[in-house]
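Working through the structure, step by step
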Amino acid sequence: MSRSSELTRVRLPATVALHARPAGAFVRAAASFAATIEVQANGRRANAKSILEILALGADGGTELAISASGDDAAEAVADLVSLVAGLS
Amino acid sequence: MAFDIVECPTMTSSNGDGFVGLVLVSHSAAIASGLAELVAQVAGPDVPIMTAGGGPGGTLGTDGGRVLAALRTVDGPGAVVLADLGSSLLSVRAALAELDPTEAERIVLVDAPLVEGAIAAGVAASTGASLADVAGAAEEARGVPKL
């Protein structure tokens, strides 16, 4: 049981922006967890379950994302999203 | 009021009563079909999308018959309707009045910006969200800053 997670940093692959299809995949994955999940990038914060907030991060390829979460499945959520981001292509 | 039923393009086929669908109504067929393409890219191929863009004969405008056909034929357990401006909304309201109660209960017209609302609704639908939650996601788009 993890109520809140450490903030975990992960870099987008150099050639993949968090736009369009990758952003949709990210939000769909985030929505499968009960935890509240936040992403920080480029000095902005976004609710990981909001596609419009994620798109507004303007996170291009190579951008570092900081992902944190709170809730019962917070640790699993962050681990899953970090792995998703690292594996985007 | 009588409408002609016309064939509507659909961007996706769906798995029947899987995901909630979208109906996109615009004065321009190009806006409606381009937006459907964009939503499909972000939300994935499983969200049913119907478009009703442009007036009769390919003009800019709205075509009540095309709107009604889209509302009647969109796949999924329900569908959210997004429209661009003024008379598009009037066309949707007129078409909704033509539906029988069982058809009407699966359709929700939302007050949302067309592009942002469609993207938010499409992604929500792709998570398996309910009709009410998909409509809510579209309407939340009104309050999300772009800058």
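To be clear, the structure that these remarks concern was listed above.
Right, let's walk through the structure included here. Think of each chain on its own: its residues are numbered from 1, step by step along the sequence as written. Following the order in which they are written, the chains are lettered starting with A and the ligands numbered starting with 1. Note on the predicted model: pLDDT of at least 70 is required for a residue's local features to be given, and 80 or more for side-chain atom pairs to be given and counted; whole-chain, interface and lining totals, by contrast, use all residues.

Digging into the overall build of chain A
To keep it simple, the criterion reads: Think of it this way: any DSSP run of H or I at least four residues long counts as a helix, any run of E at least two long counts as a strand, and we number them from the N terminus. Radius of gyration here is computed from C-alpha atoms only, and the compact-globule reference equals 2.2 Å multiplied by the residue count raised to the power 0.38. Counting other C-beta atoms within 10 Å of its own, a residue is labelled buried from 20 upward, exposed at 12 or fewer, and partly exposed in the gap between, with every C-beta atom placed from the backbone. Throughout, a pair of residues is in contact if the C-beta atoms placed from their backbones lie within 7 Å.
Along chain A, the regular secondary structure elements total three helices and four strands. Listing each helix as α and each strand as β along chain A from the N terminus yields β-α-β-β-α-β-α. Relative to the globule expectation of 12 Å for 89 residues, the C-alpha radius of gyration of chain A, 12 Å, shows essentially globular dimensions. Taken over the C-alpha atoms alone, chain A extends approximately 35 × 25 × 20 Å along its principal axes. Residues classed as buried in chain A amount to 38% of the 89 residues present. Within chain A, contacts between residues at least 6 apart in sequence are counted, and of these 68% link residues at least 24 apart.

Overview of the overall build of chain B
A count of helices and strands for chain B gives six helices and four strands. The order of helices and strands in chain B, counted from the N terminus, is β-α-β-α-β-α-α-β-α-α. Taking all 147 residues of chain B together, 47% fall into the buried category. In chain B, 78% of the contacts between residues at least 6 apart in sequence involve partners at least 24 apart.

Description of the interface of chain B and chain A
Cut-off, in case you're wondering: Throughout this entry, Asp, Glu, Lys and Arg are counted as charged residues, while Ala, Val, Leu, Ile, Met, Phe, Trp, Tyr, Cys and Pro are counted as nonpolar. The remaining residues, Gly among them, count as polar.
Across the boundary between the two partners, chain B contributes 13 residues, which contact twelve residues of chain A. Residue assignment for the side of chain B that touches chain A shows that the elements contributing at least two residues are α1 (29-43) and α5 (114-126) of chain B. The leading source of residues in the side of chain B that touches chain A is α5 of chain B, at five residues. Counted by class, the side of chain B that touches chain A contains seven nonpolar, four polar and two charged residues.

Topic: the sheet that holds strand β3 (residues 79-83) of chain B
Residue and element names in this part refer to chain B. To be explicit about the condition: Two strands are counted as paired when DSSP detects at least two bridges linking them. Interaxial angles span 0 to 180 degrees and are taken between N-to-C directions of axes, which are lines fitted to C-alpha atoms, for helices over the stretch in contact.
Strand order in this open sheet of four strands is β2-β1-β3-β4, and the pairing throughout is parallel. Each end of this open sheet is capped by a strand with a single partner; those strands are β2 (49-53) and β4 (107-109). With strand direction ignored, the average angle separating the axes of adjacent strands in the sheet is 20 degrees. In terms of strand pairing, strand β1 (residues 21-26) meets β3 through five bridges, oriented parallel. Residue pairing for β3: Leu24 is matched across the bridge by Leu82. Where helix α6 (residues 131-140) meets the sheet, it contacts β3 and β4, and its direction lies at approximately 20 degrees from that of β3.

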